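Residues per chain are reported as follows:
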Amino acid sequence: MRGRSVMRLIHEIGVRPHEFEAVSRRQKTSEVCIDAPSYQVGDLVELYPWNKTMGRIGDHSIIREITFVRTEDDGPGLMPGHVMICFGEPS
């Protein structure tokens, strides 16, 4: 894991309710986020339903493991200051 300790970070990410449902059905396996240098392959993400008006909705969440991180340095397609993280079932 690129010189990091065994301890994995857990990143919290709010997604729209219909996207949360797609994650729960394993149809959605990536998310574009504001860049945070701490996103690393092997870390965990806790995704939860969120909207602009109410903020976090309920207490449901799903844990996934980051399997790939794409930055704007990897080629065109991302807005400056954003990354795409891909995730799967935690190992």
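Every value quoted in this text rests on a predicted model; they were computed, and no experiment measured them.

Draft legend 1. Representation of the side chain of Glu 31. Relative to the elements of secondary structure, Glu 31 occurs in strand β2 (residues 30-34). Reaching out from Glu 31, the side chain makes a polar contact with the side chain of Lys 28 at a distance of 2.9 Å. Those residues in contact with Glu 31 that sit more than four places away from it in its chain are Ile 13, Val 15, Glu 19, Val 83, Met 84, Ile 85 and Phe 87.

Draft legend 2. Focus on the pattern of salt bridges. Counted by the stated rule, this structure contains six salt bridges. Of the charged contacts, one joins Glu 89 and Arg 26 as a salt bridge, the two residues approaching to 2.7 Å between their closest N and O atoms. With Glu 89 in the segment after β6 (82-88) and Arg 26 in the loop between α1 (17-24) and β2, the pair connects residues that are 63 residues apart, well separated along the chain. In the salt-bridge network here, residues are joined through shared partners; they are Arg 26, Arg 64 and Glu 89.

Draft legend 3. Summary view of the side chain of Glu 65. Looking at where Glu 65 falls in the secondary structure, it is placed in strand β5 (residues 62-71). There is a polar contact of 3.3 Å between the side chain of Glu 65 and the side chain of Arg 8. A polar contact of 2.7 Å, which involves the side chain of Glu 65, links it to the backbone nitrogen of Ser 91.

Draft legend 4. Examining the environment of Ser 30 more closely. If you trace the backbone, Ser 30 turns up in strand β2. Once residues lying within four places of it in the same chain are set aside, the contact partners of Ser 30 are Met 84, Ile 85, Cys 86 and Phe 87.

Draft legend 5. Main features of a negative patch on the surface. A surface patch of negative charge is lined by Asp 35, Glu 72, Asp 73 and Asp 74. Among the secondary structure elements, Asp 74 is positioned in the loop between β5 and β6.

Draft legend 6. Structural context of the environment of Glu 19. The residue Glu 19 is located in helix α1 in this model. Expressed as a C-alpha distance, the spacing of Glu 19 and Tyr 48, which sit 29 residues apart in the sequence, is 9.5 Å. Residue contacts for Glu 19: discarding those within four places in its chain leaves Lys 28 and Glu 31.

Quick notes on the rules
- Residues numbered from 1 in each chain as written.
- Predicted model: local features only at pLDDT ≥ 70, side-chain atom pairs only at ≥ 80, totals over all residues.
- Heavy atoms only, no water.
- Helix = DSSP H or I, 4+ residues; strand = E, 2+ residues; numbered from the N terminus.
- Polar contact = N/O pair within 3.5 Å; in protein donor to acceptor, adjacent residues only side chain to side chain.
- Contact = heavy atoms within 4.5 Å.
- Salt bridge = Lys/Arg side-chain N within 4 Å of Asp/Glu carboxyl O.
- Patch = residues over 30% accessible without salt bridge, like charges linked within 9 Å, V, L, I, M, F, W, Y side chains within 5 Å.
- Areas by Shrake-Rupley, 256 points an atom, 1.4 Å probe, with all protein chains shown as cover.
- Lys, Arg positive; Asp, Glu negative; His and termini not counted.
- Charge placed at Lys NZ, Arg CZ, Asp CG, Glu CD.

Keep in mind these values describe shape, not function.
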